[in-house]
Amino acid sequence: MMLPPEAAKRDRLSALPDDILHRILRFVDARECVGTLSLLSRRWRHLWSSSPYFTMPVDISGDEVFGNRMLLLRDNAPLLTFSLHTATDSPDFVYQRRWMRHALIRGLRVLEVEVSCNRYFELPDCVFTCETLEVISLSAGERGVLSHKSVCLPRLKKLHLSEVEFNDASFAKKLSSGCPALEDLSFSFCSFGWFKISSDTVKALSITWCRYKGIYVYAPNTCSLRLTVSGEVQLDGMPSLVSAWVCVLEKRLARRGYDIMATLCNVQKLELIGFGSVLQDMMEKSDNRALQFSNLKSLVIEEDCVSSFYSPFAYFLRFAPNLAYLTFDRWNMHQSDPPETGFIFEQEEGHIKNSCKLMNLVSGLHRDVEVLRIRLSKKQDSIEEFHKLRGFLKEKIKAKEVIVVWF
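If you're wondering where the values come from, they're calculated on a predicted model, not measured in any experiment.

Rules and cut-offs
Residues numbered from 1 in each chain as written. Predicted model: local features only at pLDDT ≥ 70, side-chain atom pairs only at ≥ 80, totals over all residues. Heavy atoms only, no water. Axes fitted to C-alpha atoms, helices over the stretch in contact; angles between N-to-C directions. Helix = DSSP H or I, 4+ residues; strand = E, 2+ residues; numbered from the N terminus. Parallel < 35°, antiparallel > 145°, perpendicular 65-115°, else oblique. Contact = heavy atoms within 4.5 Å. Nonpolar A, V, L, I, M, F, W, Y, C, P; charged D, E, K, R; others polar. Pairing = 2+ DSSP bridges. Buried < 20%, exposed > 50% of the residue type's maximum accessible area, 1.4 Å probe, protein only. Arc of directions from axis to C-beta. Phe/Tyr/Trp six-rings, centres within 6.5 Å; stacked < 30°, edge-to-face > 60°. Lys NZ or Arg CZ within 6 Å of the ring centre and 35° of its normal.

Some details on the packing of helix α6 (residues 64-72) against helix α7 (residues 94-104)
Angle between the axes and distance between the axes are the two parameters that describe a pair of packed helices.
Step number 1: Two elements in contact, α6 and α7, have axes separated by 11 Å at closest approach and are oriented at 5 degrees. Classed by the angle they form, the pair α6 and α7 counts as roughly parallel. Where α6 approaches α7, its residues E64, G67, N68, L71 and L72 are matched on the opposing element by Y95, R98, W99 and H102.
Step number 2: Of the residues assigned to the contact of α6 with α7, the class counts are four nonpolar, three polar and two charged.

And the structure:
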């Protein structure tokens, strides 16, 4: 279909509303926004200066003059999102801090900072006393330090911290009291000693691959939990919990496993990694109170050593009568590469010893499930074992669907 001449000459892209063009510019390099794109038409010449989204990528963040001009030559339109990706050796993080302070006084709602440097640094104090911020995301390359005197973020809903060190033991308490609207809280690869989190508003909580001595969590309205057990853990009741991902890095730290499992009783979707010792602890303390998992529909078990796993797992299944989807996954850490762990693999003559214990494990299923899924590792299991297990499952297991994956 041929367009009429007047339609062919019309600049349809420039005719789009400003808010759509601003979203397009959000994915374009800052230099391109003020350079090449400004040559397209008069409409595009100053479009970047009114965009509510501002991104300073790594290759530009070291250019102090360019960054200053980009911010100072903007018009008075609100700045909703500021993203800074920088690599710096400046001990004071000088002009980057200045950029953040400038953004914060423009009604900023989303602050995203990703830093790679060889020196420790802190965010400006005004970041944690901003009345408009709704999202803070900080990835600090293990060089970020949080020890701010006060926290007052009345509108903050999401706080994601990665590779950050907590020098102030009371900072968690400040977060709890200073963020009354917080709903999504995440720590990954962070470092803190004893840490206490108390919040009635948090619905999604993630503490993964962190180094800590102990954590205490009171978050009764949490619906989603991700937790790596690498120190003492105390979870004080989560009746609203729907889904949970829990990984045990050191078996000796699982002695409170019964208490952890008691917190997970109401979940519908559960993923347990390295949980053999926890289930063993749960079984040994069964005389105190049998834990019921009546709501559990989907269960994923990731375990490398299954030789002593059969009894505690069979015990666990007795209290999950409505389980429909079950996955066994040989330990592969496909979620992320963890810090040093305390896992001890069965070894023989320098190689991980493969066994058919997994077949004994799944054969112990005392009732049918709708879907049974087995994932085996090419590094740990031979193709012969893969075919043997698949044939065994087809013959013995009465699940509606059986899937065996070799990866």
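A closer look at the sheet that holds strand β7 (residues 194-198)
Step number 1: One open sheet accounts for three strands, arranged β7-β9-β11; its pairing is parallel. Two strands in the sheet have a free side with no partner beyond their single neighbour: β7 and β11 (232-235). Adjacent strand axes in the sheet meet at a mean angle of 5 degrees, parallel and antiparallel pairs treated alike.

Digging into helix α8 (residues 171-178)
Step number 1: Considered for burial, the residues of α8 that qualify are F171, A172, K174, L175 and G178. Along the axis of α8, the buried residues cluster in a sector spanning 160 degrees; they form a single face. Turned more than 90 degrees from where α8 packs its buried face, K173 and S177 sit exposed.

Digging into unusual backbone geometry
Step number 1: Within the chain, F189 stands out as a residue other than glycine whose phi angle is a positive 55 degrees.
Step number 2: Tracing the backbone shows F189 in the loop between β6 (184-188) and β7.
Step number 3: Even without being glycine, W209 reaches a positive phi, approximately 55 degrees.
Step number 4: Considering the arrangement of structural elements, one finds W209 in the loop between β8 (204-208) and β9 (214-218).

A short note on the packing of aromatic side chains
Step number 1: Here the structure, examined in full by the defined rule, presents 13 aromatic pairs.
Step number 2: Here the aromatic rings of F54 and F82 are separated by 5.5 Å at their centres, their planes lie at 10 degrees, and the arrangement is stacked. Of this pair, F54 sits in strand β1 (residues 53-56) while F82 sits in strand β2 (residues 81-87), placing them 28 residues apart in sequence. With respect to class, F54 is no different from F82; both count as buried.
Step number 3: One aromatic cluster is present, formed by F128, F166, F171, F187, F192, F195 and Y212 through successive ring pairs.
Step number 4: Over the ring of W245 we find R226; its NZ or CZ atom is 4.3 Å from the centre of that ring.

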